[in-house]
Amino acid sequence: MKLLAITSCPNGIAHTYMAAENLQKTADQMNIPIKIETQGSIGVENAFTQQDIAEADGIIIAADKAVDKSRFVGKRLLTVGVQDGIRRPEELIQMFIDNNVREYNGDQRELRSSEEIRSERQDRQNPIYRHLMNGVSYMIPFIVIGGLLIAIALTLGGQQTPGGIVIPDGSFWKTVESIGSASFTFMVPILAGFIAVSIADRPGLAPGVVGGFIAANGSFYGSEAGAGFLGGIVAGFLAGYVALAIKKIKVPKALLPIMPIIIIPVISSLIVGLIFVFLIGAPIAAFFEWLTGWLASMQGTSSILLALILGAMIAFDMGGPVNKVAFLFGSAMIGEGNYEIMGPIAAAICVPPIGMGLATFIHKHKFRGTEREAGKAAFTMGLFGITEGAIPFAAQDPLRVIPSIMIGSMSASVIAMFGKVGDRVAHGGPIVALLGAVDHVIMFLIAIIVGVLVTVLMIGLLKKDIGQEPATALAGATYNGTDSTYNDTEGKNLIMNSHSNDSTGDPKLSSHSNHANDHRTNANDHQNHNEQSDAHQGLEQADTNTESNVKQEEVGVKKESIHSLTDIVTPQSIVLQLTGDTRDDIIDELIDVLDSEGILSSKSQFKQAILDREQESSTGIGMNIAIPHGKSDVVKQPRVVFGMKRDGVDWNSADGSDARLIFMIAAPIKGESNAHLKILQMLSRKLMDDSFRERLLSVQSNEEAYKLLSEVH
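A. Expanded view of the packing of aromatic side chains. Counted according to the given criterion, the structure contains 9 aromatic pairs. Relative to Phe276, the ring of Tyr221 lies with its centre 6.1 Å away and its plane at 45°, an arrangement referred to as tilted. A residue pair is termed long-range when its members are at least 10 positions apart, and Tyr221 in the loop between α9 (205–216) and α10 (228–247) and Phe276 in helix α11 (residues 259–296) qualify at 55 residues. For Phe276, a relative accessible area of 0% corresponds to the buried category.

So, in structure tokens, the structure goes:
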């Protein structure tokens with residue numbers, strides 16, 4: 001069986017790749033080949049070929065945005081939300097194994113398995129949410145451009161006057177402000193247009209944009225303010241369903257070619273325009289004007305209540321539907337010049353991941369080793385306003401974590417509202433303050449700090465200590481007849497041998513480790529492997545701090561002193577003519593080199609470590625350089641493989657350049673734990689040298705490349 005999967009979320013930042021990662025990991029564990037196409041904020045990655053689709057036995061679409069299904073006619077197709085891809089990947093794959101998914105015939109909007117049919121009632125709102133979020137995902141860049149350019153213009157070109165900060169007419173910064181304002185004018189038409197596209201596909205785009213433009217310009221129906229984003233939402237749904245209805249009308253074959261380019265757009269635009277101008281435009285505009293005025297006039301208790309509601313919504317599902325509704329509300333208010341709604345939301349957005357990250361550091365006794373590692377990533381994600389960083393903790397312990405982060409976000413939101421914090425960009429976290437998009441920065445930072453501290457305090461009060469790790473952490477891994485127990489004392493993981501049946505009486509734990517990796521029988525394979533890796537990290541402490549009546553040996557490699565890149569590069573680990581056409585092909589090629597040199601005990605596990613790191617953020621650092629790196633207990637000693645792809649390969653680099661110089665770093669978890677960081681530092685410094693990169697690209701032999709790499713120290 002071979003499966004394909006598509007993952008996509010409205011913002012295309014976090015959920016898209018989290019779902020892809022979980023589906024990939026689960027499929028690997030179930031020995032099911034799977035290829036995953038991600039439709040994220042940077043576009044489509046790992047796109048399917050016609051051969052992929054022809055060979056596939058089924059397709060999973062885990063998306064909260066509209067996805068074109070026309071290419072999957074005749075294939076078994078399962079459509080679910082992106083959260084299902086994150087939370088229940090094994091269940092989705094099992095449905096194909098159990099033959100519980102029907103073929104897609106092209107005449108149904110969404111095919112469901114028997115399980116999905118049973119839950120159809122409670123999921124009935126999902127299509128509406130998906131259409132709305134499709135529009136929001138295309139609208140957000142326009143809000144970000146407008147808000148950020150205006151904020152920069154005011155910060156750098158504004159002059160203080162009795163009436164506030166004013167940018168002088170005719171100045172350069174006035175032009176920048178005008179560009180930002182122009183971006184804002186597209187907000188409502190784009191929102192409406194792509195809501196309509198989600199409903200009726202391309203024929204809905206033109207009537208949606210036209211309807212959105214009319215909604216945003218009250219002059220069509222005698223209103224000064226316009227109908228705002230509410231009018232845009234109405235126009236988008238109206239245009240989409242009108243276009244969809246016209247698409248379903250049977251027409252002569254002679255008219256079919258002009259239906260999508262002339263008949264549907266023209267008639268739909270006319271219908272939507274007339275309805276808006278003569279029937280619904282003025283009432284919606286009046287309501288929106290009242291809503292905007294009411295929000296602007298909020299004082300005291302009413303504003304605090306709004307802040308509490310928004311903060312709770314942001315933290316409740318961390319990027320899910322409830323979160324997105326609050327985010328949409330704040331984003332829309334930016335377009336109306338009310339920045340003090342987005343301000344509290346921006347503060348609340350980053351509290352869950354930062355709070356959980358800090359909690360793993362302060363309350364170490366309440367988190368396992370793998371959770372503490374995840375806390376570092378969550379903290380970093382919070383700095384950049386990615387609420388989804390807290391999802392792993394909420395999934396593990398929802399009854400304690402979700403109330404904790406909700407109270408923290410509500411605290412931050414109330415303080416920001418009280419301090420009149422404004423945010424001109426549809427985003428959150430400290431990063432927006434750094435970009436100058438926040439009013440009353442001090443109060444904004446105070447709000448975040450207080451919210452984070454409240455979250456940490458609540459975690460300390462609600463979450464239980466993990467105590468001693470269960471002995472079943474390594475259950476089923478029988479180390480050549482050696483009984484093993486797993487203890488956790490003050491965060492140090494130890495493995496103690498009680499006896500051995502080895503004929504030599506002196507078994508090597510390193511061979512035991514390999515045996516355990518090959519013969520794990522515990523039902524919870526993935527968790528056990530993570531805990532086993534944590535145990536290996538602490539074996540040196542076991543050797544020095546624990547006394548035993550039996551002989552023990554340290555698992556791991558001997559610490560090495562690394563002073564130069566050529567200390568861990570050999571001429572044989574240099575490939576000057578990489579043949580792969582994609583990033584994953586190149587990764588496989590370089591891993592093969594590592595394996596041929598005896599550096600790895602498991603290619604698949606090391607590849608997963610590399611891909612896990614790529615999922616966090618691309619290791620394409622720009623300037624035609626990529627440094628994929630992985631840290632794993634299957635790496636026997638630190639090693640770097642250098643490869644060259646002279647015509648380049650897409651690595652999703654920050655500057656958009658293809659990767660031509662690729663350095664793969666393999667580092668063991670045990671032994672010299674920061675080896676790969678030292679190597680990264682050495683490489684980063686040297687690769688900033690333009691002449692060094694040019695010389696490296698011009699080498700013709702492995703020996704010449706090796707000699708040049710000796711300069712990296």
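Anyway, onward from the coordinates.
B. Structural context of helix α23 (residues 583–596). The first and last C-alpha atoms of α23 sit 20 Å apart over 14 residues, in line with the 20 Å expected at 1.5 Å per residue. Within α23, the full set of buried residues consists of Ile586, Ile587, Glu589, Leu590, Ile591, Val593 and Leu594. After α23 finishes, the residue Gly598 shows a positive phi value of roughly 75°.

C. Molecular detail of the nonpolar core. Of all hydrophobic cores here, the largest spans 52 residues; its most connected members are Leu132, Val136, Phe229, Ile233, Phe276 and Phe329. A total of 10 residues in this core trace back to one element, the largest contributor, which is helix α6 (residues 126–157). Among residues more than four places away in sequence, those in contact with Phe229 are Val188, Leu191, Phe288, Phe329, Ala332 and Met333. In this structure, Ala378, Ala390, Ile391 and Ala416 belong to the second largest nonpolar core, which totals 33 residues.

D. Spatial organisation of the environment of Ser331. In this fold, Ser331 is placed in helix α13 (residues 321–335). Under the relative-accessibility criterion, Ser331 is labelled buried at 0%. Residues Ser331 and Val136 lie 195 residues apart in sequence; the distance between their C-alpha atoms is 9.3 Å. Sequence-distant contacts of Ser331, defined by excluding residues within four places in its chain, comprise Ile143, Met187, Met342 and Ala426.

E. Main features of unusual backbone geometry. The phi dihedral of Asn31 is positive, around 60°, even though this residue is not glycine. In this fold, Asn31 is placed in the loop between α1 (15–29) and β2 (34–40). Residue Asn31 is classed as exposed on the basis of its relative accessible area of 66%. Here the phi dihedral of His440 falls at roughly 55°; this positive angle occurs in a residue that is not glycine. Residue position: His440 is located in the loop between β9 (438–439) and α19 (441–462). Taking relative accessible area as the criterion, His440 reaches 47% and is therefore assigned partly exposed.

F. Inspection of the environment of Leu3 at higher detail. Along the polypeptide, Leu3 turns up in strand β1 (residues 3–8). Note on Leu3: relative accessible area 0%, which makes it buried. Residues Leu3 and Gly58, spaced 55 residues apart in sequence, show a C-alpha to C-alpha distance of 5.2 Å. For Leu3, the contacting residues outside a window of four places in its chain are Ile32, Pro33, Ile34, Lys35, Asp57, Gly58, Ile93 and Phe96.

G. Looking closely at the pairing of strand β17 (residues 659–668). With respect to burial, β17 is a largely interior element, 9 of its 10 residues being buried. Two strands pair when backbone bridges link them, and strand β14 (residues 625–626) and β17 are joined in this way by 2 bridges, in the parallel orientation. When the sheet's bridge partners are listed, Ile625 is paired in β17 with Leu661. Two strands pair when backbone bridges link them, and strand β15 (residues 629–632) and β17 are joined in this way by 4 bridges, in the parallel orientation. Its bridge partner lying in β17, His629 is registered against Ile665. Where strand β16 (residues 639–649) meets β17, 7 bridges bridge the pair, whose relative direction is antiparallel. For Arg639, the partnering residue across the bridge sits in β17 and is Ala666.

Cut-off values and rules
- Residues numbered from 1 in each chain as written.
- Predicted model: local features only at pLDDT ≥ 70, side-chain atom pairs only at ≥ 80, totals over all residues.
- Heavy atoms only, no water.
- Phe/Tyr/Trp six-rings, centres within 6.5 Å; stacked < 30°, edge-to-face > 60°.
- Helix = DSSP H or I, 4+ residues; strand = E, 2+ residues; numbered from the N terminus.
- Buried < 20%, exposed > 50% of the residue type's maximum accessible area, 1.4 Å probe, protein only.
- Expected span 1.5 Å × (residues − 1).
- Core = buried A, V, L, I, M, F, W, Y, C linked by side-chain atoms within 4.5 Å.
- Contact = heavy atoms within 4.5 Å.
- Pairing = 2+ DSSP bridges.

Note that every value here comes from positions in space, so none of it alone points to a role or purpose.
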